[in-house]
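Given next are the chains, with one letter for each unit.
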Amino acid sequence: MDHTRLSMTLGDAIFTQRAIRRFRPDPVPIADLELIVSAAAKAPNGGNSQIARFLAVNDPDLIREFGALYREAWWAKRRDAEGWTGPDDLTEAERVQWASSMRLADDMSGVPCVVFALSVPPNGAGSVLPATQNLMLAARGLGIGSVPTTLHPSVEDRFREMFGIPAEVAFHFAIPLGYPAGSFGPTKRRATWETTYLNRWDGAVPWAPAAASAGPSS
């Protein structure tokens, strides 16, 4: 496992990373998968407990079976949140907003690889989230796209049975991996001066336009 293959600068990886939901069918090489999960294992975790576990799936038959479950879960989430039962329930604006997510729900059965981010007791999500971001940044460094997704409680028992996951193991994310059928960033995000505060809630950061125009305080 040669981590020097991750030669993309950290800045390039972070500022061009985006949610990839359309994938080419090309398989993810095993050497790349090893490097990606090795990067995940290096992430900070509470007390060095190393409770994160990753289940990588590249068997097309298993992915096809999971894809049907994922699509069911996606619509179950939309039913609970919005009352939608199918595409006809969405307005034209909602179809545009949710187009890429709906497409992934339909296409998950054909992605080349899915990695499930899990944890063993005490199942702290805080020790899995950094590992998940490491995993996705390493994938970006190799030109492989990803997006963190979740499931719905209505499919959890069948999901666990499908992959032999014990009851005490917590599920956190399903992360499809593959070469993008499109491009990476740059992405559009709100300005950080709208989402970041200094010293107290609503405290303006120095780079905010209003703070910059006001000049230094006396």
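Below is a short write-up of the structure. Keep in mind it's a predicted model, so treat the numbers as computed, not measured.

### Details of the overall build of the protein chain
Part 1: Looking only at helices and strands, one finds nine helices and four strands in the protein chain.
Part 2: Each helix (α) and strand (β) of the protein chain, taken in turn from the N terminus, gives the series α-α-β-α-α-α-β-α-β-α-β-α-α.
Part 3: Judged by the C-alpha coordinates and their principal axes, the protein chain covers about 65 × 50 × 35 Å.
Part 4: The buried share of the protein chain, reckoned over its 218 residues, is 38%.
Part 5: Put simply, 82% of the contacts in the protein chain that link residues at least 6 apart link residues at least 24 apart.
Part 6: For the protein chain, the accessible surface area stands at approximately 12300 Å², while carbon and sulfur atoms represent 54% of it.
Part 7: The centroid of the 21 positive side-chain charges in the protein chain is displaced by 6 Å from the centroid of its 23 negative side-chain charges.

### Thoughts on the packing of helix α3 (residues 60-82) against helix α5 (residues 99-107)
Part 1: Between α3 and α5, whose axes approach to 7 Å, the crossing angle comes to 145°. Judged by residue contacts, G67, Y70, R71, W74 and W75 of α3 engage S101, M102, L104, A105 and D106 from α5.
Part 2: Taken together, the residues that form the contact of α3 with α5 break down as six nonpolar, two polar and two charged.

### Points about the sheet that holds strand β3 (residues 145-146)
Part 1: Spatial ordering of the open sheet is given by β1-β2-β4-β3, a layout of four strands whose pairing is antiparallel. Whereas interior strands pair on both sides, the edge strands pair on one side only; in this sheet they are β1 (52-57) and β3.
Part 2: Relative to strand β4 (residues 170-178), β3 runs antiparallel, the two being bridged by two bridges. The partner of S146 across the bridge, within β4, is L177.
Part 3: The sheet strands contacting α3 are β1, β2 (113-119) and β4, and the helix crosses β2 at an angle near 70°.

### A look at unusual backbone geometry
Part 1: The omega angle of the peptide bond from P121 to P122 is 10°, so this bond is cis rather than trans.
Part 2: For P122, the position within the fold is in the loop between β2 and α6 (129-141).
Part 3: Non-glycine residue N48 carries a positive phi angle of around 50°.
Part 4: When you line up the elements, N48 lands in the loop between α2 (30-41) and β1.
Part 5: One non-glycine residue with positive phi stands out, namely N123, at about 60°.
Part 6: As for its position among the elements, N123 is in the loop between β2 and α6.

The rules behind the values
Residues numbered from 1 in each chain as written. Predicted model: local features only at pLDDT ≥ 70, side-chain atom pairs only at ≥ 80, totals over all residues. Heavy atoms only, no water. Helix = DSSP H or I, 4+ residues; strand = E, 2+ residues; numbered from the N terminus. Buried < 20%, exposed > 50% of the residue type's maximum accessible area, 1.4 Å probe, protein only. Contact = heavy atoms within 4.5 Å. Areas by Shrake-Rupley, 256 points an atom, 1.4 Å probe, with all protein chains shown as cover. Lys, Arg positive; Asp, Glu negative; His and termini not counted. Charge placed at Lys NZ, Arg CZ, Asp CG, Glu CD. Axes fitted to C-alpha atoms, helices over the stretch in contact; angles between N-to-C directions. Nonpolar A, V, L, I, M, F, W, Y, C, P; charged D, E, K, R; others polar. Pairing = 2+ DSSP bridges.

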